[in-house]
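Per-entry structural report
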Amino acid sequence: AQRVTQPEKLLSVFKGAPVELKCNYSYSGSPELFWYVQYSRQRLQLLLRHISRESIKGFTADLNKGETSFHLKKPFAQEEDSAMYYCALGHTGTASKLTFGTGTRLQVTL
Amino acid sequence: DTGVSQDPRHKITKRGQNVTFRCDPISEHNRLYWYRQTLGQGPEFLTYFQNEAQLEKSRLLSDRFSAERPKGSFSTLEIQRTEQGDSAMYLCASSQTGAGTYFGPGTRLTVT
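Residues numbered from 1 in each chain as written. Chains lettered and ligands numbered in written order. Predicted model: local features only at pLDDT ≥ 70, side-chain atom pairs only at ≥ 80, totals over all residues. Heavy atoms only, no water.

1. Considerations on the sheet that holds strand β7 (residues 60-61) of chain A
Strand order in the open sheet made by the three strands is β3-β8-β7 (chain A), with antiparallel pairing throughout. If you trace the sheet from one side to the other, it starts and ends with β3 (19-21) and β7 of chain A, each paired once. (Pairing = 2+ DSSP bridges. Helix = DSSP H or I, 4+ residues; strand = E, 2+ residues; numbered from the N terminus.)

Quick look at the structure:
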């Protein structure tokens, strides 16, 4: 069965500190991994796709198939990064249906 | 705003009533999805359309739920004989083949 695990419900860091939001997945096929972000009172937004290998708002994520992980990282947290972050797994052959983790709330404090 | 839109944004209904939600996807997107999100959980897949064809339904979608996408444009999700357990945020999303999935603001349903 496909599953996405985000072990931390809440991650609190100081402004300027490094951030790592953990995501592990289980999937028998070839995975497509995504990070979505939801700022307060806003809709869910696509942040990163693993196939794009791009950096958005200073965030990066590398797919590690050996460890079945797709952790989200940022070297220096900013206050505006405070939000809910969801890791999602796309299912190959099923038209981009997504399985989401339970989310991690990132709280960046001064 | 050219993003995915949903209507209404909030719905309060009494148990046993029927409710219908509407989703307007991004116009060039051929795929449309419905998800449900409850407190403390990530969105859970309900159903998916490619153009007007409903190609997949989750086991979460009981026979009280029905979704349509006439003419491959907007979609409706109807819940008949609502139950308190149906209280949730219902999210619509759309995508184009090979591209990312974009979400609407959601419809929050409260069943009293």
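2. As for the state of the cysteines
Covalent bonding between the sulfur atoms of two cysteines defines a disulfide. In total, this model carries two disulfides over all chains according to the counting rule given. Here C23 of chain A engages in a disulfide with C87 of chain A; their sulfurs sit 2.0 Å apart. In this structure the cystine formed by C23 of chain A and C87 of chain A twists about its S-S bond by roughly -65 degrees; its chirality is therefore left-handed. Separated by 64 residues along the polypeptide, C23 of chain A in the loop between β3 and β4 (24-26) and C87 of chain A in strand β9 (residues 83-90) bring together distant segments of the chain. In this pair, the class of C23 of chain A matches that of C87 of chain A, namely buried. Across the disulfide, C23 of chain B is cross-linked to C92 of chain B (sulfur-sulfur distance 1.8 Å). Judged by the torsion about the S-S bond (-70 degrees), the C23 of chain B/C92 of chain B disulfide is left-handed. Highlighted residues: C23 of chain B in strand β3 (residues 19-24) and C92 of chain B in strand β9 (residues 88-95), separated in sequence by 69 residues. (Disulfide = S-S within 2.5 Å. Buried < 20%, exposed > 50% of the residue type's maximum accessible area, 1.4 Å probe, protein only.)

3. A short note on the pattern of salt bridges
All names here are of chain B. Per the counting criterion, the structure on display carries seven salt bridges over all chains. Here R22 and D24 are joined by a salt bridge, their closest N and O atoms 2.8 Å apart. Accessibility expressed as a relative area gives 33% for R22, which makes it partly exposed. Measuring nitrogen to oxygen at the nearest pair gives 3.4 Å for the salt bridge that ties E83 to R64. Taken together, the residues span a long stretch of sequence, with E83 in the loop between β8 (75-79) and β9 and R64 in the loop between β6 (53-57) and β7 (65-68) at a distance of 19 residues. (Salt bridge = Lys/Arg side-chain N within 4 Å of Asp/Glu carboxyl O.)

4. Remarks on the interface of chain B and chain A
At the junction of the two partners, chain B supplies 21 residues and chain A supplies 15 residues. Between chain B and chain A the total buried area reaches about 1500 Å² when both faces are included, carbon and sulfur atoms providing 50% of it. It is P43, T101 and F103 of chain B that lose the most area in chain B upon contact with chain A, and together they represent 29% of the buried surface on that side. Where chain B meets chain A, there are one salt bridge. Residue E56 of chain B is joined to K97 of chain A by a salt bridge in which the shortest nitrogen-to-oxygen separation is 2.7 Å. Linking chain B to chain A there are six residue pairs in polar contact (both at pLDDT 80 or more). Secondary structure elements with two or more residues in the side of chain B that touches chain A: β4 (31-37), β5 (44-50) and β10 (101-103) of chain B. Looking at which element gives the most residues to the side of chain B that touches chain A, the answer is β4 of chain B, with four residues. (Contact = heavy atoms within 4.5 Å. Buried area = accessible area lost by both parts, 1.4 Å probe. Polar contact = N/O pair within 3.5 Å; in protein donor to acceptor, adjacent residues only side chain to side chain.)

5. A look at the environment of G98 of chain B
Within the fold, G98 of chain B resides in the loop between β9 and β10. Its relative accessible area of 58% is what places G98 of chain B among the exposed residues. Residues G98 of chain B and R9 of chain B lie 89 residues apart in sequence; the distance between their C-alpha atoms is 29 Å. Discounting residues that sit within four places of it in the chain, G98 of chain B has contacts with R49 of chain A together with R31 of chain B.

Everything listed here is a matter of coordinates, which is why it stays silent on function.
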